Amino acid sequence: MGLNIISLASYLPPHIVTNQDLEQLLETDNDWIVQRVGVKQRHIATDETTGQMGAKAARKALDEAGLKGDEIDLILCATVSSDDASPCTAAMVQHHLGLSCPAMDIAGACSGFGFLMQTGLAFLQLSGYDKILLVTSEKMSRLVDWTDRSTAVIFGDGAAALLVEASDKLADFHLANWGGDDVIKVPNHPGNSPWYQGPKHHPYIYMNGQETFKFAVQTMAKDVKQVLARNSYTVEDVAMIVAHQANIRILQAAARRLGVGEDKVFQNIERYGNTSASSIPIALDECIRSGKISRGDLVVFTSFGGGLSSAAGIIRY
């Protein structure tokens, strides 16, 4: 059993922060950011929660599908930036939509979309689940140290939502983890227990850029080759490779390792930055709306993230 994407929509908060805006906050400049990362601007939430952004994307997906909320059996949300430990973001999406179905979060960091898709497929294989709402919503601006130019220039906020149902269409996913927090870490607040004697962690994103780059390039290309070979396809059969939008140089290096032109590895990082779990579905939505991906096309996606983790997939859209 595979899955069919009934509809897909994305949401970006309206406030845009340009590199020139960051020049007023940080010891950096536009040329350095564009050359090192590839980002020119990013959308930043000013008065919206992760749940509200996810609900706005979900409402658009429901409207495009012509479905009512009571036809949804389950809501799954991939996020690493939930506003609260509880209620989870999926539950807040449910609340804003006025639904009553089960809802839960998946924490896969920037690999979250792949873990979300695999989990959605598994639920569709269970009896009783017909239509599932898959949501990604990330408010990375809440997790970034805005005095640290090595991370602040990278990230943005955004959400996406997919309505999926069981189908005989191809859907295969490869997930992996290499446990550890020395390369990428998104810490929780350390709390104020008077008995705690451990280290006090910096409460913002930490990333070893050089190690992240090496891991990303090696893993993304390897995962794509593996999922293609497992399904007896080659990269020539694929209409588009939709990769996690983390860094323009990573996307370029991955294209070289896969032996394809950069036009086959979709790029929109210059406008949105790294939106973590939302980056692939936002890019997928853009590819579909611009005609780069059509119904029946073979699509591959690939990502990496904290964990360390990676996720790749192949679907027939």
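Please refer to the structure placed before this passage.
A brief structural summary. (Residues numbered from 1 in each chain as written. Predicted model: local features only at pLDDT ≥ 70, side-chain atom pairs only at ≥ 80, totals over all residues. Heavy atoms only, no water.)

### Some remarks on the packing of helix 3 (residues 50-65) against helix 4 (residues 89-97)
The relative placement of two packed helices is expressed as an angle between their axes plus a distance between the axes.
For step 1, the next point in the chain: Two numbers describe how helix 3 lies on helix 4: the axes approach to 8 Å, and their chain directions differ by 55°. By the criterion of interaxial angle, the relationship of helix 3 to helix 4 is oblique. With respect to the hand of their crossing, helix 3 and helix 4 are arranged in right-handed fashion. Mapping the contact onto sequence places Thr-50, Gly-51, Gln-52, Gly-54, Ala-55, Ala-58, Arg-59 and Leu-62 in helix 3 and Thr-89, Met-92, Val-93, His-96 and Leu-97 in helix 4.
For step 2, the next point in the chain: When grouped by side-chain class, the residues that make up the contact of helix 3 with helix 4 number 6 nonpolar, 6 polar and 1 charged. (Axes fitted to C-alpha atoms, helices over the stretch in contact; angles between N-to-C directions. Helix = DSSP H or I, 4+ residues; strand = E, 2+ residues; numbered from the N terminus. Parallel < 35°, antiparallel > 145°, perpendicular 65-115°, else oblique. Left-handed = near helix turned anticlockwise from the far one by under 90°. Contact = heavy atoms within 4.5 Å. Nonpolar A, V, L, I, M, F, W, Y, C, P; charged D, E, K, R; others polar.)

### A word on the packing of aromatic side chains
For step 1, the next point in the chain: Under the criterion given, the structure shown has 4 aromatic pairs.
For step 2, the next point in the chain: Ring centres of Phe-123 and Tyr-129 lie 5.3 Å apart, and the angle between their planes is 70°; this geometry places the pair in the edge-to-face category.
For step 3, the next point in the chain: For Phe-123, a relative accessible area of 18% gives the class buried.
For step 4, the next point in the chain: A ring pair is formed by Trp-178 and Phe-215, whose centres lie 5.4 Å apart and whose planes are at 80°; its orientation type is edge-to-face. Of this pair, Trp-178 sits in strand 8 (residues 171-180) while Phe-215 is found in helix 7 (residues 209-230), placing the two residues 37 residues apart along the sequence.
For step 5, the next point in the chain: Aromatic rings pair up to connect Phe-113, Phe-173 and Phe-301 into one cluster.
For step 6, the next point in the chain: The ring of Trp-32 is capped by Arg-149, whose NZ or CZ atom sits 4.0 Å from the centre of that ring.
For step 7, the next point in the chain: Geometry around Tyr-317 places Arg-295 over its ring, the cationic atom sitting 4.0 Å from the centre. (Phe/Tyr/Trp six-rings, centres within 6.5 Å; stacked < 30°, edge-to-face > 60°. Buried < 20%, exposed > 50% of the residue type's maximum accessible area, 1.4 Å probe, protein only. Lys NZ or Arg CZ within 6 Å of the ring centre and 35° of its normal.)

### A few points about the sheet that holds strand 11 (residues 240-243)
For step 1, the next point in the chain: Taken together, the 4 strands give an open sheet; going across it, the order is 8-13-12-11, and neighbouring strands pair in mixed fashion. Of all the strands in the sheet, the pair left with one neighbour each is strand 8 and strand 11. When the angles between neighbouring strand axes are averaged without regard to direction, this sheet yields 10°.
For step 2, the next point in the chain: The pairing of strand 8 with strand 13 (residues 307-316) spans 8 bridges and is classified as antiparallel. Counted as the bridge partner of Ala-176 is Ser-310 from strand 13.
For step 3, the next point in the chain: Each of strand 8, strand 11, strand 12 (298-305) and strand 13 is contacted by helix 7, which is oriented at about 150° to strand 12, the strand it contacts most. (Pairing = 2+ DSSP bridges.)

### Notes on the sheet that holds strand 4 (residues 74-78)
For step 1, the next point in the chain: The strand order across the open sheet formed by 5 strands is 1-7-6-4-5, and the pairing between neighbours is mixed. Either end of the sheet is taken by a strand with one partner, and the two such strands are strand 1 (2-11) and strand 5 (103-106). On average, adjacent strands in this sheet sit at an angle of 20° to one another, irrespective of strand direction.
For step 2, the next point in the chain: Alignment of strand 4 against strand 5, held across 4 bridges, turns out to be parallel. Note on strand 5: the bridge partner recorded for Ile-75 is Ala-103.
For step 3, the next point in the chain: Packed onto the sheet, helix 4 meets strand 4, strand 5 and strand 6 (131-139) and runs at close to 140° relative to strand 5.
For step 4, the next point in the chain: The strands touched by helix 5 (residues 112-124) within the sheet are strand 1, strand 4, strand 5, strand 6 and strand 7 (157-167), with strand 6 carrying the most contacts at an inclination of about 160°.

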